[in-house]
Amino acid sequence: MAPQARVCAYDRAGYGFSDEGPLPRNLEADIADLAALVDAAELPKPLVLVGHSLGSNIVQAYAQQHPQDVAALVLVDPPEQGAEAQLPADWKQQGEAGRAQRNAFLDACLAAAEAGTLDAGEGPLASCLRAAPPWQSEAVAAATRAYKLKPAYWRTLRSELDANTTIFAAPVPETESYGDLPLVVVAAPAAEMPGVPPEVAKVLQATREQTHARLAAASRNGRRVEVPDSSHDVQLDAPEAVAEAVASVLVPEPRARTGSGSLP
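Just so we're clear, the structure is a prediction, and the values are computed from it rather than from any experiment.

Let us look at helix α3 (residues 89–115). Counted at 1.5 Å a residue, the expected span for α3 with its 27 residues is 39 Å, and the 39 Å between its end C-alpha atoms agrees. Within the sequence span of α3, burial applies to Asn103, Leu106, Cys109, Leu110, Ala112 and Ala113. At its buried positions, α3 is contacted by α5 (151–169).

Below, the structure written as C-alpha cells:
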C-alpha cells in the first residue's frame, strides 16, 4: 500500500511495543486510544480505517463517533455477533466453564510473569509461551516472546477477552448505518468446525453470515468480498486482497488526504 497512500499501523495498548493502558481494556478504551493516536500523530483526515477481527469493531465504533474523520472502512473478516442467545443451553454452560478455566490459566501466566519466572515455566505454564508460527521471522518471534513475558500483556489479554464476551453477544443492529461511506467487508470462506456439534456450527455460521451481510448493507456503498483459500487471518494468507480492497476506496489524492490505520 505504501506507493499509493501513507500507511500507519500500531500496537494496541498492552501489546507489542505499546505501553499498558488503564483497565478495563474494552471497546471504549480502544476507541479513545485510536482517537488519541490520530491526534498525536497528526494524521491527515479523513482516514481510511482498516480493522481485522476485533479491530473491525474498533474502527466501526470510531467511525460512528467521528464520522467526519473517516473516508472509508475496510473490515477484514469481522467475527460473528449475536450467536450467544441462539446457542443450546448446554453449550452455553460449557462456554461459561471454559471462560472460567481460561481466566484461571491467564491468572497463572500473569502471576509467573510478575514473579519473573514465566520464561522457565514448566507443566501447564509452559503453554503460556507457545512456539512461534512458522511464518514469523526470528526477530519478530523474539519480540513477541519478549512482550509476552511482561505482566502487562496478561492483564491486557484477560481484560480484553472478558470485554469481548459483551461486544460479540449482541448482533449488528439492523439500523446501523454509515450513509454513503465506502465500506468493504473482506471475508474468508466459511471454516470447518471439527468437534463442534452440528446445531452449534449452524448457529455460528448463520450469525457470521448475518454479521457480514448487515455490515455490508449498513452503507449504500458497502460490499462484501470473499477471499478463496484464506483463513480468518486474511491479511496473512492473502495480503494482496486486503490491499486491493483498500485501494478500491482510496480518495483521488490519497497522499494529501488519507491515512490508513491497521489494527492487529
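Further remarks concern the nonpolar core. With 29 residues, the main nonpolar core has Leu49, Tyr62, Val70, Leu73, Leu75 and Tyr178 as its most contacted residues. For this core, the elements supplying multiple residues, two or more each, are α1 (27–40), β2 (47–52), α2 (54–65), β3 (70–76), α5, β4 (183–187) and α6 (198–217). With residues up to four places along the chain from it excluded, the contact list for Val70 reads Pro46, Leu47, Leu49, Tyr62, Ala63 and Leu181. Val50, Ala71, Ala72 and Val242 belong to the second-largest nonpolar core, a separate cluster that totals 19 residues.

Looking at the secondary structure, you find Asp30 in helix α1. Note on Asp30: relative accessible area 6%, which makes it buried. With residues near it in sequence (within four places) discarded, Asp30 still touches Arg12, Arg25 and Ile58.

Scanning the model with the defined rule gives 15 salt bridges in all. Residues Asp33 and Arg25 are paired through a salt bridge, measuring 2.6 Å at the closest nitrogen-oxygen approach. Given the relative accessible area of 2%, Arg25 is considered buried. Residue Arg214 pairs with Glu174 through a salt bridge whose shortest N-O separation is 3.7 Å. Of this pair, Arg214 sits in helix α6 while Glu174 sits in the loop between α5 and β4; the two residues are 40 residues apart in sequence, bridging distant segments of the chain. Owing to a relative accessible area of 21%, Arg214 belongs among the partly exposed residues under this scheme. The network of salt bridges with shared partners includes Arg102, Asp107, Arg158 and Asp162.

Another aspect to go through is the confidence of the model for the chain. It should be kept in mind that the predicted coordinates are not to be read in detail where pLDDT is low. Considering every residue of the chain, the mean pLDDT works out to 93; 95% of them sit at 70 or more. Confidence over residues 254–264 falls short of pLDDT 50; this stretch has 44 contacts with residues more than four positions distant or in other chains.

So, about the state of the cysteines. A covalent bond between the sulfur atoms of two cysteines is referred to as a disulfide. Under the definition given, this model contains one disulfide. Residue Cys109 pairs covalently with Cys128 via a disulfide, S to S 2.0 Å. Looking along the S-S bond of the Cys109-Cys128 disulfide, the torsion reads about -85°, which is the left-handed sense. Taken together, the residues span a long stretch of sequence, with Cys109 in helix α3 and Cys128 in the loop between α3 and α4 (138–148) at a distance of 19 residues. On the basis of relative accessible area, Cys128 is assigned to the buried category, the value being 4%.

This paragraph deals with the packing of aromatic side chains. Under the defined criterion, the tally for this structure stands at three aromatic pairs. Their ring planes at 85° and their centres at 4.8 Å tell us that Tyr153 and Trp154 sit as a pair that is edge-to-face. Put simply, the rings of Tyr15, Tyr147, Tyr153 and Trp154 pair up and form one aromatic cluster.

Parameters and conventions
Residues numbered from 1 in each chain as written. Predicted model: local features only at pLDDT ≥ 70, side-chain atom pairs only at ≥ 80, totals over all residues. Heavy atoms only, no water. Helix = DSSP H or I, 4+ residues; strand = E, 2+ residues; numbered from the N terminus. Expected span 1.5 Å × (residues − 1). Buried < 20%, exposed > 50% of the residue type's maximum accessible area, 1.4 Å probe, protein only. Contact = heavy atoms within 4.5 Å. Core = buried A, V, L, I, M, F, W, Y, C linked by side-chain atoms within 4.5 Å. Salt bridge = Lys/Arg side-chain N within 4 Å of Asp/Glu carboxyl O. pLDDT = per-residue confidence, 0-100. Disulfide = S-S within 2.5 Å. Phe/Tyr/Trp six-rings, centres within 6.5 Å; stacked < 30°, edge-to-face > 60°.

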